[in-house]
Amino acid sequence: MGSAAGGEAYFQRGNLLWLTFITLSLAYYSWVVFWPQSIPYQSLGPLGFFTQYLVDHHYTLVCNWYWLACVVHIGEALYAMVLCKSKGITNGWAQLLWFLQTFFFGIASLSVLMAYKPKRQK
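Rules used throughout
Residues numbered from 1 in each chain as written. Predicted model: local features only at pLDDT ≥ 70, side-chain atom pairs only at ≥ 80, totals over all residues. Heavy atoms only, no water. Helix = DSSP H or I, 4+ residues; strand = E, 2+ residues; numbered from the N terminus. Axes fitted to C-alpha atoms, helices over the stretch in contact; angles between N-to-C directions. Parallel < 35°, antiparallel > 145°, perpendicular 65-115°, else oblique. Left-handed = near helix turned anticlockwise from the far one by under 90°. Contact = heavy atoms within 4.5 Å. Nonpolar A, V, L, I, M, F, W, Y, C, P; charged D, E, K, R; others polar. Expected span 1.5 Å × (residues − 1). Bend = angle between axes of the 7 residues up to and from the residue. Buried < 20%, exposed > 50% of the residue type's maximum accessible area, 1.4 Å probe, protein only.

1. Let's talk about the environment of R120
Secondary-structure assignment places R120 in the segment after helix 4 (107–115). Between the alpha carbons of R120 and G7 there is a distance of 9.7 Å; along the sequence they are 113 residues apart.

So, in structure tokens, the structure goes:
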């Protein structure tokens, strides 16, 4: 979409490197929370040993942080909707894209929206 469609339909994908890192991290975190018995800890080097320690000794904390991260992402996505309205992004499809991108990728997406400076009408 971008600015070619006008400010009311502005959307920009976040940085691909960050989106990839966040996707892999959240996928691994979900794996740890929901299927910890299936993780090949010894094959993952230091990350595996650290993860196994957390699962063995602090599993409740790991689960609580997972759900807290979900709540934070929901909050960020809702705030993205508020930012869309305040920056004049009124196109429903663009707002949905901002909501979904921010829900899945959090601050990596929200920072792009926060940095957006709409052109002022004269």
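2. Structural notes on the packing of helix 2 (residues 45–86) against helix 4
The N-to-C vectors of helix 2 and helix 4 enclose an angle of 15°; their axes lie 10 Å apart at closest approach. Classed by the angle they form, the pair helix 2 and helix 4 counts as roughly parallel. Two packed elements cross with a definite hand, and for helix 2 against helix 4 that hand is left-handed. Touching E76, Y79, A80, L83 and C84 of helix 2 are I107, L110, L113 and M114, all from helix 4. Counted by class, the contact of helix 2 with helix 4 contains eight nonpolar, no polar and one charged residues.

3. Focus: helix 2
Taking 1.5 Å as the rise per residue, helix 2 with 42 residues should run 62 Å; its terminal C-alpha atoms sit only 47 Å apart, a clear shortfall. The largest bend in helix 2 is about 105°, located at H58.

4. Topic: the side chain of H73
When you line up the elements, H73 lands in helix 2. The class for H73 is buried, based on a relative accessible area of 15%. Setting aside chain neighbours within four positions, we find H73 in contact with L26, T102, F103, F104, F105 and G106.

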